[in-house]
Amino acid sequence: MQNVNKITEKINSKQLIFIASDHAGYEMKENIIKFLEKKYDVQNLGCNSADSVDYPDYAVDVAKKIIKNISKYPNCKGILVCGTGSGMTITANKIKGIRAVNCFNSEMAEMAIKHNDANILCLGARILQFDAIKSIVDVFLNSEFESGRHQIRINKIHNLTEN
């Protein structure tokens, strides 16, 4: 009976996605949420308007939510949107256990998952059009980590992070 419950739980559960933006990415984040919310459990962590905010606050919030929830939801992911994606990427990668990537096309997103097991996708709202973002996000969320030699490399990366 326990196995039946696990199977039912898996069928009924949606992949957990934490998403946030700064003011430059606010409108794009809202569009991404609409694109994802039917298929995924999307948790919007702000910002909630185009009023100026500090992007590091939102990057850290998403990164910490990923770390907190990864044991219960091993495939949870984050999406961060700012003007270029660069500031969010730099900030999120300061949190131990995070592998944030700034992707400009779906090929980068695919390899970020397959080889780097990335857990946060960062996007530039001033750099990318929404159609490109939809493709990037879709590939990022639906690609699978290849493990093996790539896991050894990820372990080396994480050993560089101080507690």
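Residue numbers run consecutively from 1 along every chain, following the written order of its sequence. Residue-level local features of this predicted model are given only where pLDDT is at least 70; pairs of side-chain atoms are given and counted only at 80 or more, and the full residue set underlies all totals for whole chains, interfaces and linings. The basis for the side-chain values is all heavy atoms of the structure; hydrogens and waters are excluded.

Student: I'm lost on the overall build of the chain in this one. Help?
Tutor: Each helix is a run of DSSP H or I of at least 4 residues and each strand a run of E of at least 2, with the numbering of both proceeding from the N terminus. In terms of regular secondary structure, the chain is built from seven helices and five strands. N-terminal to C-terminal, the α/β element order of the chain is α-β-α-β-α-β-α-β-α-β-α-α. Dimensions along the principal axes, computed over C-alpha positions, put the chain at roughly 50 × 35 × 30 Å. Partly exposed describes any residue whose relative accessible area lies between the buried limit of under 20% and the exposed limit of over 50%, with all areas from a 1.4 Å probe on protein chains only and scaled to the type maximum. Per-residue burial over the chain gives 42% buried out of 163 residues. Working rule for contacts: check all heavy atoms of both residues, and any pair within 4.5 Å makes them a contact. Restricting to contacts in the chain with at least 6 residues of sequence separation, those with at least 24 account for 68%. Summing over all exposed atoms, the chain offers an accessible surface of approximately 9,300 Å²; the carbon and sulfur share of this is 49%. Residue exposure ignores everything except the shown protein chains as possible cover, and the areas themselves are Shrake-Rupley values with a 1.4 Å probe.

Student: Sorry if this is basic, but what is going on with the sheet that holds strand 2 (residues 41-44) here?
Tutor: Spatially, five strands are ordered 2-1-3-5-4 in an open sheet, and the strand pairing comes out parallel. A single partner strand is all that each edge strand has here, and the edge strands are strand 2 and strand 4 (100-102). Across the sheet, the mean angle from the axis of one strand to that of its neighbour is 20°, orientation sign disregarded. One ladder, built from five bridges, connects strand 3 (residues 77-82) with strand 5 (residues 120-124); its direction is parallel. Note on strand 5: the bridge partner recorded for Leu-80 is Cys-122. A fitted line through C-alpha atoms serves as each axis, taken over the contacting stretch for helices, and the angle formed by two N-to-C directions is quoted from 0 to 180°. Strands in contact with helix 3 (residues 55-69) are strand 1 (16-21), strand 3 and strand 5; relative to strand 1, the strand with the most contacts, it is inclined by about 165°. Strands in contact with helix 6 (residues 130-142) are strand 1, strand 3, strand 4 and strand 5; relative to strand 5, the strand with the most contacts, it is inclined by about 170°. One requirement defines pairing of two strands: DSSP has to find at least two bridges between them.

Student: Can you walk me through the pattern of salt bridges in this structure?
Tutor: Oppositely charged side chains may form a pair once their charged atoms are brought near each other. A side-chain nitrogen of Lys or Arg and a carboxyl oxygen of Asp or Glu constitute a salt bridge if their distance falls within 4 Å. Counted under the stated rule, the structure contains four salt bridges. Glu-110 serves as the salt-bridge partner of Lys-114, at 2.9 Å between the closest nitrogen and oxygen. Taken together, the positions of Lys-114 and Glu-110, both in helix 5 (residues 106-114) and four residues apart, correspond to about one turn of that helix. Put simply, Asp-131 and Lys-134 hold a salt bridge, and the shortest N to O gap is 3.5 Å. Placement of the pair is Asp-131 and Lys-134 together in helix 6, with a separation of three residues, close to one helical turn.

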